[in-house]
Amino acid sequence: MMSIKSVLAKPFAKIIYNKVQKWANNPVKTQEKVFQDLIAEATSTAFGRDHDFVSINSHADFVKRIPIRDYEALKPYVDRVVAGESDVLWKGKPLYFAKTSGTTSGAKYIPLTKESMPNHVEAARNAILMYIHETGNSKFVDGKMIFLQGSPELREQNGVKLGRLSGIVAHYVPKYLQKNRLPSWETNCIDDWETKVDAIVDETLHENMTIISGIPSWVQMYFEKLQQKTGKQIGDIFKNFNLFIFGGVNYEPYRAKFENLIGRKVDSIELYPASEGFFAYQDKQNEKGMLLLLNSGIFYEFMKADEFFNENPERLTIKDVEVGVNYVMIISSNAGLWGYNIGDTIQFTSTKPYRVIVSGRIKHFISAFGEHVIGKEVEQAMQEATTGTDVRVSEFTVAPEITPETGLPYHEWFVEFENEPEDLSALAKKIDESLQKQNTYYFDLIVGKVLQPLKITKVKKGGFQAYMKSQGKLGGQNKIPRLSNDRKIVQGFQD
């Protein structure tokens, strides 16, 4: 018997679908309107006055006046907002600061405003509604749903509330979902991640879980603890679990592991949320990439990743981008971020409509020898090498070995296996061949005998979790970088 809620979800999903089509089919016009609205709204802010917003009429004007900035460069303005000043980056004061642990700058304070906050909430809701519209499946709204997230406890600083993005969003769960939502408020407020996951296991074990959501590596930890406790696969514990919602990392390296833990296939929806904005969500089950949200108070610019560190790289708008090129994504938004480099690289999988995949981080690549290998390439290589085998990988990261004791330099892959290969060197060879195929620079360096083929170093079980714990980064939004240009991370596995 279907509930009123699941019956009503379908017409609502159709309304949202039609709204989305309207802007998705008029991408350039939609972005132009967002651009004009942002400039108009912020003209009288301190930032708007400093950058002569009053005379910006086109993207070319904007490029002349607004340099690209990362958090460090925008920090003098953010500090004024944090200190309690009004009308600095956006009109008035923000509603919240999403506090994130920056890799270079200690804590970052990302403003969330009255105008930007609803976009975070609506995007998450619309992703589910687009799925309902496409599949006709709405029964799951009657079951229990869980989102593994940071603590919803907020503190206040100069009249503005401060917390983790996922904790802030927890305050906006619509009333009609509150009864279905787990874990309890008390459990969600537990700070220690392992204690929290144990409490979540106890709370959810006997519930009718239908949606499970979170960053794959942390959901994996939850699934493993459930399995240890019951000796059963997740699909047998939760018979009606049919939808996995995830974001933050590429799911492909985890897919085989998850299907093994669950014991059957479940539908999934990929999201692309960040403290700086909710950028995209998967709108079709069988299309590669996520729909870029062009109507959410964010104006996008793109710079080719391999030109990014040049003197004056070109700043493109949505109308100029091409499928398959690696771009650094730059945003200007109604949270008061202007020409802001969020640090992600993306690739378009389609321009009708505009769909993207996250290909890596502009700071996370290996180019110790000029090869410029990116996250997407190492993930694809691992996936290709393990598909159709019994090999299952829990986690991995890659670093250059520039001065080996003997022989040529190489890329060293630190891999924690769930299920080890019989022949480690055969797996390494397969991965290396895939990487050569994807990246011509890497191919040239191997053929030219500048590098020797990659080597795999096994990491003991639980090694990655132990490393994250040692860094104070276990749980929440924290993720292991897939690769880096030095050996700082992998030092943690060699002690």
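First, a word on scope: everything that follows refers to the structure included in this document. (Residues numbered from 1 in each chain as written. Predicted model: local features only at pLDDT ≥ 70, side-chain atom pairs only at ≥ 80, totals over all residues. Heavy atoms only, no water.)

### A closer look at helix α16 (residues 440-447)
Selection criterion: Relative accessibility thresholds used throughout: buried, under 20% of the residue-type maximum; exposed, over 50%; partly exposed, between the two (1.4 Å probe, protein chains only). In this description a helix means any DSSP run of H or I spanning at least four residues, a strand means any run of E spanning at least two, and both kinds are numbered starting from the N terminus. The arc in question is the one spanned by the directions pointing from the helix axis to the C-beta atoms. Any two residues having at least one pair of non-hydrogen atoms within 4.5 Å are treated as being in contact. Throughout this description, a polar contact denotes any pair of N or O atoms lying within 3.5 Å of each other; where both atoms belong to protein, one of them has to be capable of donating a hydrogen while the other can accept it, and for residues adjacent in sequence the pair is counted only when both atoms sit in side chains.
For α16, every residue scored as buried is listed here: Tyr442, Leu445 and Ile446. Projection of α16 onto a plane perpendicular to its axis shows the buried side chains occupying an angular sector of 100°, all on one side. Of the surrounding elements, those touching the buried residues of α16 are β17 (373-374), β19 (410-419) and α15 (424-438). Between the side-chain oxygen of the N-cap and the backbone nitrogen of Tyr442 there are 2.9 Å, and the N-cap of α16 in question is Asn439. Remark: Lys449 follows α16 within two positions and exhibits a positive phi of approximately 60°.

### Considerations on unusual backbone geometry
With an omega of -5°, the peptide bond between Leu182 and Pro183 qualifies as cis. Looking at the secondary structure, you find Pro183 in the loop between β6 (181-182) and α9 (185-188). At Asp52, a residue that is not glycine, the phi angle is positive and equals roughly 55°. Mapped onto the secondary structure, Asp52 falls in the loop between α3 (46-50) and α4 (59-65).

### Looking at the pattern of salt bridges
Keep this limit in mind: What makes a salt bridge here is a side-chain nitrogen of Lys or Arg within 4 Å of a carboxyl oxygen of Asp or Glu, nothing more.
Evaluated as defined, the whole model comprises 24 salt bridges. For the salt bridge of Lys229 with Asp202, the shortest nitrogen-to-oxygen distance reads 2.6 Å. Remark: Asp202 occurs in helix α10 (residues 193-204) and Lys229 occurs in helix α11 (residues 216-230); sequence separation between them is 27 residues. The closest approach of N and O atoms between Glu384 and Lys437, which form a salt bridge, is 3.5 Å. One end of the pair, Glu384, is in helix α14 (residues 375-386); the other, Lys437, is in helix α15, and 53 residues separate them in sequence. You can call Glu384 partly exposed: its relative accessible area is 36%. Connected through shared salt-bridge partners, Glu41, Lys91, Lys114 and Glu115 make up one network.

### Some words on the packing of aromatic side chains
Note the cut-off: Between rings of Phe, Tyr and Trp, where Trp is taken as its six-membered ring, a pair exists when centres lie within 6.5 Å; planes separated by under 30 degrees are stacked, by over 60 edge-to-face, and by other angles tilted. Look at NZ for Lys and CZ for Arg. If either is within 6 Å of the ring centre and within 35 degrees of the ring normal, a charge sits over the ring.
Overall, the coordinates contain 25 aromatic pairs when judged by the stated rule. Residues Phe396 and Trp413 carry aromatic rings whose centres are separated by 5.4 Å and whose planes lie at 10° to one another, so their mutual orientation is stacked. Pair noted here: Phe396 is in strand β18 (residues 392-401) and Trp413 is in strand β19, with a separation of 17 residues, a long-range link. Each member of the aromatic cluster is reached from another via a ring pair, and the members are Tyr272, Phe279, Tyr300, Phe302, Tyr327, Phe348 and Tyr354. Here the basic side chain of Lys455 rests over the ring of Tyr410, its NZ or CZ set 4.8 Å away from the ring centre. For the cation-ring pair, Arg482 lies above Phe396, with the distance from its terminal atom to the ring centre recorded as 4.2 Å.

### Description of the packing of α11 against helix α13 (residues 252-262)
Spelled out, the test is: Interaxial angle, 0 to 180 degrees, is taken between N-to-C directions of lines fitted to C-alpha atoms, where a helix line uses only the stretch in contact. Note on angle classes: values under 35 degrees are labelled roughly parallel, values over 145 roughly antiparallel, values of 65 to 115 roughly perpendicular, and the remainder oblique. Handedness of a helix crossing follows the sense of rotation of the near helix relative to the far helix, less than a right angle counterclockwise being left-handed and clockwise being right-handed. Amino acids outside the nonpolar list (Ala, Val, Leu, Ile, Met, Phe, Trp, Tyr, Cys, Pro) and the charged list (Asp, Glu, Lys, Arg) are all regarded as polar, and Gly is one of them.
Relative orientation of the contacting elements α11 and α13 amounts to 25°, with a least axis distance of 11 Å. One finds that α11 runs roughly parallel with respect to α13. Regarding α11 and α13, the two cross each other, and that crossing is left-handed. Contacts between α11 and α13 involve Pro216, Ser217, Val219, Gln220, Phe223, Glu224 and Gln227 from the former and Tyr254, Lys257, Phe258, Leu261 and Ile262 from the latter. Here the residues of the contact of α11 with α13 are counted per class, giving seven nonpolar, three polar and two charged.

### Quick word on the environment of Tyr410
Considering the arrangement of structural elements, one finds Tyr410 in strand β19. The spacing of Tyr410 and Ile446 is 36 residues in sequence and 9.2 Å in space, taken between C-alpha atoms. Setting aside residues no more than four positions away along its own chain, Tyr410 makes contact with Ala399, Pro400, Glu401, Pro404, Leu451, Gln452, Pro453 and Lys455.

### Describing the sheet that holds β18
How we decide: Only strands that DSSP links by at least two bridges are regarded as paired with each other.
Read across the open sheet, the three strands follow the order β18-β19-β20; overall the sheet is mixed. Taken across any chain shown, the strands that pair with only one partner, and hence form the sheet edges, are β18 and β20 (455-458). Each adjacent strand pair in this sheet contributes to an overall mean axis angle of 30°, direction not counted. Helix-sheet contacts for α14 involve β18 and β19, and the interaxial angle to β18 is about 130°.

### Section: empty space enclosed by the protein
What counts here: Only protein atoms enter the calculation, which uses a 1 Å grid: trapped sets of points that fit a 1.4 Å probe without letting it out are cavities, open sets showing protein on both sides within 12 Å along at least five of seven lines are pockets, and any residue with an atom within 4 Å of a point is a lining residue. Grid points are joined across faces, edges and corners, and a volume is the space filled by probe spheres set on the points.
All told, the structure shown has three cavities of 30 Å³ or more when counted by the stated rule. Val81, Leu89, Trp90, Gly92 and Pro94 are the residues nearest the centre of the largest cavity, which is lined by 13 residues in total. Tallied by class, residues from the lining of the largest cavity come to seven nonpolar, two polar and four charged. Tallied by class, residues from the lining of the second largest cavity come to three nonpolar, seven polar and one charged.

### Quick notes on the layout of surface pockets
Here the second largest pocket defines a volume of roughly 660 Å³. Elements represented by at least two residues in the lining of the second largest pocket include exactly α1 (4-24), α2 (27-42) and α6 (117-135). With seven residues, α2 is the single largest residue contributor to the lining of the second largest pocket. In terms of residue class, the lining of the second largest pocket is made up of nine nonpolar, eight polar and nine charged.

### A look at the sheet that holds strand β12 (residues 298-304)
Spatially, the 11 strands line up as an open sheet ordered β6-β3-β7-β8-β9-β10-β11-β15-β14-β13-β12, and their pairing is mixed. Strand pairing shows two members of the sheet lacking a second neighbour, β6 and β12, which therefore form its edges. Relative to strand β7 (residues 209-213), strand β3 (residues 144-147) runs parallel, the two being bridged by four bridges. Paired with Lys144 across the bridge in β7 is Met209.

### Side note on the nonpolar core
Heads up, the rule is: Put simply, a nonpolar core is a bunch of buried Ala, Val, Leu, Ile, Met, Phe, Trp, Tyr and Cys residues held in one set by side-chain atoms that sit within 4.5 Å of each other.
One finds Tyr281, Leu292, Tyr300, Phe302, Met329, Trp338 and Phe348 to be the most contacted residues of the largest nonpolar core, which totals 80 residues. Broken down by element, this core gets its largest block of residues, seven residues, from α6. One finds Leu148, Trp218, Ile480 and Val490 within the second-largest nonpolar core, a separate group that totals 41 residues.

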